[in-house]
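Chain by chain, the residues run as shown.
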Amino acid sequence: MRVVITEDAHTVASASAEIVCQQLIDQPRCVLGLATGSTPMLLYTELVRRYRAGQVSFSEAKSFNLDEYVGIDPAHHQSYRHFMQQHLFDHIDIDPVATQIPQGLAEPNIECRRYEAAIKSAGGIDLQILGLGVNGHIGFNEPTSSLVSRTRIKTLTRLTVAANARFFQPNEQQPYLALTMGIGTIMDARHVILLATGEHKAKAVKAMIEGPMCAMNPASVLQFHSTVTVVLDVAAASLLDARQYYHWAEKMRAKTVPKPFQSLA
Ligand code: F6R
């Protein structure tokens, strides 16, 4: 696992944008796995900026989002489809039909099977972007999720519902069911990049990187993935015991690893 500790949320966004852009430059027809939530918002802003500056194109890429609320219309302003259009897709040159998000209005079991098959027929995910829940969830794989799970319907924990309440109006009904890629689906991605910022993520970050691997902490399964890059700000990294080592390893990597390989873990 490569652990990159940068100053703040802005440097997390630029360091991860560098990795995403390098992927698109090396392999323009790549398949991206995308996340919603607060954490990747600055990354998407940075990707839009780089696209507008002519530094990167998404025209041949495909994308699959991690999750979507059940029972929500894609046109609804709380849907993850809406989020992605607003923060990324509407501002870049990605082909709209190449962007997939689980369909919250479809029959869940059929939709989950369709989604898995679509990822497979696209050739699998080359670069998966993840955020991290305060309880260690990735996608909406809540604690106790099977570590080999595939795309399916999940009930959100009260903690996750509470954490996401900030996106909803007080009188708005908040979904508590979601369709989510499984942990097995995420683990099949060729490269995983997880972003976490803020002190409120520090405990989950510590458990993911330095804790034991267990289903109570779904993100800890990433210890078993061969190519993971975790990009943190100082606050999210504050509880890591081996912080000094991660800094040192990055310094040495910059000196010794040839540039084209630096984005790999
Ligand atoms: C979003 C997702 C979630 C979030 C996580 C962190 O598609 O799958 O796992 O990444 O809940 O959310 P934020 O970034 O809002 O703290």
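Above this note sits the structure.
S.K.: Let's hear about the environment of S14: which residues, and what values?
M.R.: When you line up the elements, S14 lands in helix α1 (residues 9–26). Note on S14: relative accessible area 28%, which makes it partly exposed. Between the alpha carbons of S14 and T45 there is a distance of 9.7 Å; along the sequence they are 31 residues apart. Aside from chain neighbours lying at most four places away, what touches S14 is E46 and R50.

S.K.: Could you give an account of the packing of aromatic side chains, with specific residues and numbers?
M.R.: For the coordinates displayed, the defined rule picks out 6 aromatic pairs. Geometrically, the ring pair formed by F64 and Y115 is edge-to-face, given 5.6 Å between the ring centres and 80° between the ring planes. Of this pair, F64 sits in strand β3 (residues 62–65) while Y115 sits in helix α4 (residues 108–121), and the two are 51 residues apart along the sequence. F64 gets classed as buried once you look at its relative accessible area, which sits at 2%. The exposure class of Y115 is buried, given its relative accessible area of 0%.

S.K.: Would you mind going over helix α2 (residues 41–52) in detail, with residue names and values included?
M.R.: Along its 12 residues, α2 runs 17 Å from first to last C-alpha, staying within 8% of the 16 Å computed at 1.5 Å per residue. Where α2 is concerned, the buried positions are L43, Y44, E46, L47, V48 and R50. Buried residues in α2 make contact with α1, β2 (31–34), α3 (80–87), β6 (127–130) and β9 (191–196).

S.K.: Residues and numbers for the site of the ligand, please.
M.R.: Taken together, 14 residues surround the ligand, and among them T39, D67, H137, G139 and K201 come closest. Take S38: an N or O atom from its main chain is 2.8 Å from an oxygen atom of the ligand. D67 places a polar side-chain atom, nitrogen or oxygen, 2.6 Å from an oxygen atom of the ligand. Burial of the ligand by the protein chains amounts to 94% of its free accessible area of 410 Å². Under a 2 Å grid-point criterion requiring more than half of the atoms, the pocket assigned to the ligand is the largest pocket. When grouped by side-chain class, the residues that make up the shell around the ligand number 3 nonpolar, 8 polar and 3 charged.

S.K.: So what about the layout of surface pockets? Which residues, and what values?
M.R.: To find the voids left in a structure, one rolls a probe of water-molecule size over its atoms. Roughly 690 Å³ of volume is contained in the largest pocket. As for the largest pocket, its lining consists of 36 residues, of which G37, S38, N164, R166 and F167 are closest to the centre. Of all elements in the fold, only β4 (67–69), α3 and α5 (158–164) reach the threshold of two or more residues within the lining of the largest pocket. Considered class by class, the residues forming the lining of the largest pocket number 14 nonpolar, 19 polar and 3 charged.

S.K.: Tell me what's going on with the pattern of salt bridges, and back it up with residues and numbers.
M.R.: Taken as a whole and assessed by the stated rule, the structure comprises 11 salt bridges. Of the charged contacts in the structure, one is a salt bridge between R150 and D188, with a shortest N-O distance of 2.9 Å. Note that R150 is positioned in the loop between β6 and β7 (152–155) and D188 in the loop between α6 (183–187) and β9, a separation of 38 residues in sequence. Judged by its relative accessible area of 35%, R150 is partly exposed.

S.K.: Could you give me a rundown of the nonpolar core, with the residues and numbers involved?
M.R.: F64, L194, I209 and L232 are the most contacted members of the largest nonpolar core, which totals 36 residues. Elements with a minimum of two residues in this core: β1 (2–6), α4, α6, β9, α7 (202–210) and β10 (228–233). When residues of this core are assigned to their parent elements, the largest contribution, 4 residues, is made by α7. If sequence neighbours within four positions are ignored, L232 has contacts with V3, V4, I5, T6, V12, A196, V205, I209, A237 and L240.

About the criteria used
Residues numbered from 1 in each chain as written. Predicted model: local features only at pLDDT ≥ 70, side-chain atom pairs only at ≥ 80, totals over all residues. Heavy atoms only, no water. Helix = DSSP H or I, 4+ residues; strand = E, 2+ residues; numbered from the N terminus. Buried < 20%, exposed > 50% of the residue type's maximum accessible area, 1.4 Å probe, protein only. Contact = heavy atoms within 4.5 Å. Phe/Tyr/Trp six-rings, centres within 6.5 Å; stacked < 30°, edge-to-face > 60°. Expected span 1.5 Å × (residues − 1). Near = heavy atom within 4 Å. Polar contact = N/O pair within 3.5 Å; in protein donor to acceptor, adjacent residues only side chain to side chain. Areas by Shrake-Rupley, 256 points an atom, 1.4 Å probe, with all protein chains shown as cover. 1 Å grid on protein atoms, 1.4 Å probe; cavity = no way out; pocket = protein on both sides within 12 Å on 5 of 7 lines; lining within 4 Å. Sits in = over half its atoms within 2 Å of the grid points. Nonpolar A, V, L, I, M, F, W, Y, C, P; charged D, E, K, R; others polar. Points joined across faces, edges and corners; volume = space filled by probe spheres on them. Salt bridge = Lys/Arg side-chain N within 4 Å of Asp/Glu carboxyl O. Core = buried A, V, L, I, M, F, W, Y, C linked by side-chain atoms within 4.5 Å.

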